[in-house]
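Residue-level listing of the chains:
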Amino acid sequence: AQSVTQPDIHITVSEGASLELRCNYSYGATPYLFWYVQSPGQGLQLLLKYFSGDTLVQGIKGFEAEFKRSQSSFNLRKPSVHWSDAAEYFCAVGPMNRDDKIIFGKGTRLHILP
Amino acid sequence: DTAVSQTPKYLVTQMGNDKSIKCEQNLGHDTMYWYKQDSKKFLKIMFSYNNKELIINETVPNRFSPKSPDKAHLNLHINSLELGDSAVYFCASSPGLETQYFGPGTRLLVL
C-alpha cells in the first residue's frame, strides 16, 4: 500500500542551527515527491518537488531535499533556520496519473528556539 | 488577485444543519480538490474534479456532495452536519499531476 511516514511529530531547533526533516515513502514505483509547509492558520504552500533527474532539489526559502531511492527517503534540509520557519511540514507522494491521489504524511511540527 | 479562494473562512453551526463551502480558482487549472484536515493536522483527500468531471471520490459519507458548475469552481455541500465533521476543509487546484495550490481553508465547527 502507498504510504508516507514522517517519523518525527515535533522537532525543536535553535535559530541559526541546521535542520533535517525525515520522510520515508512506500510506493510501487518512483513517485512524484513533494514537501509542503503550513504556517499557523494558513493553507499549504509548496516548498519543493522531485519528479526525476537530479536527486538533490532546491526549493523556496533556502530549503533543499534529497531523494534516495535505496532508502525510499526524501529528507528536507536547511542549513540555517530562521524563526519564521516555525510551521508544520508535510511530505507527500504521488499522484502518478489522473485517477491517483496525493498522499500526505502526518506532518512534522517545527519549533524554533530564539 | 488571490489564486485559490474559499468562503467562508470560519463556519460555526449546529448539528443537523446543512452548509456549503465555496471555492474558486483563477489559475486556469483543470483539476480541483477538497481535503479535510482533522484536529491532529492529518490531511486527507475527499474529492477531485477534472474539468467538472468527478475523478476521485474517497470513502466520504454521502452527506458530502461536491458540485463543480465550471472548472474554476468547486463547492462542497454538507447535509445533516455531525460533530465529527468539525475540521478544516481545504480546496486546492493543479494544472496536472503536479503542484497543488491550496486555498486558505475553511474552519468548520459543529456544536
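Read on for a plain summary of the structure. (Residues numbered from 1 in each chain as written. Chains lettered and ligands numbered in written order. Predicted model: local features only at pLDDT ≥ 70, side-chain atom pairs only at ≥ 80, totals over all residues. Heavy atoms only, no water.)

### Thoughts on the state of the cysteines
Selection rule: Here, a disulfide means two cysteine sulfur atoms that sit within 2.5 Å of each other. Runs of H or I in DSSP of at least four residues are treated as helices and runs of E of at least two as strands, each being numbered from the N terminus. Relative accessible area decides the class of each residue, using a 1.4 Å probe on protein chains only: under 20% of the type maximum gives buried, over 50% gives exposed, and in between gives partly exposed.
Throughout the structure, instances matching the rule amount to two disulfides over all chains. The disulfide partner of Cys23(A) is Cys91(A), and the gap between their sulfur atoms is 2.0 Å. Sign of the S-S torsion, about -65 degrees for the bond between Cys23(A) and Cys91(A), identifies this disulfide as left-handed. With Cys23(A) in the loop between strand E3 (19–21) and strand E4 (24–26) and Cys91(A) in strand E10 (residues 87–93), this pair connects stretches of sequence that are 68 residues apart. In this structure, Cys23(A) and Cys91(A) share a single accessibility class: buried. The residue that forms a disulfide with Cys23(B) is Cys91(B), at a sulfur-sulfur distance of 1.8 Å.

### Topic: the sheet that holds strand E3 (residues 19–25) of chain B
Within a sheet, adjacent strands bond to each other through the backbone by hydrogen bonds, running parallel or antiparallel. All names here are of chain B. Where we set the bar: Strand pairing is assigned whenever DSSP detects at least two bridges linking the two strands. As a rule, the C-alpha atoms of each element are fitted with a line to give its axis, helices using only the stretch in contact, and angles between N-to-C directions run from 0 to 180 degrees.
Here four strands make up an open sheet; going across it, the order is E1-E3-E8-E7 and the pairing antiparallel. Two strands lie at the open edges of the sheet, namely strand E1 (4–7) and strand E7 (64–70), each paired on one side alone. Each strand axis lies, on average, 20 degrees off the axis of its neighbour in the sheet, ignoring direction. Pairing between E3 and strand E8 (residues 73–78): four bridges, direction antiparallel. Residue pairing for E8: lysine 19 is matched across the bridge by isoleucine 78.

### Regarding the nonpolar core
Defined as follows: As used in this record, nonpolar core signifies buried Ala, Val, Leu, Ile, Met, Phe, Trp, Tyr and Cys residues forming a set joined through side-chain atoms within 4.5 Å. Contacts: residue pairs with any heavy atoms within 4.5 Å of one another.
One finds Leu19(A), Trp35(A), Leu47(A), Leu48(A), Phe74(A), Leu76(A) and Tyr89(A) to be the most contacted residues of the largest nonpolar core, which totals 28 residues. For this core, the element with the highest residue contribution is E10(A), accounting for four residues. Each residue touching Leu19(A), except ones within four places of it in the same chain, is listed here: Ile11(A), Val13(A), Phe63(A), Leu76(A), Arg77(A), Lys78(A), Val81(A) and Leu110(A). Core analysis: the next-biggest nonpolar cluster, separate from the first, contains 20 residues, Ile21(B), Cys23(B), Met46(B) and Val60(B) among them.

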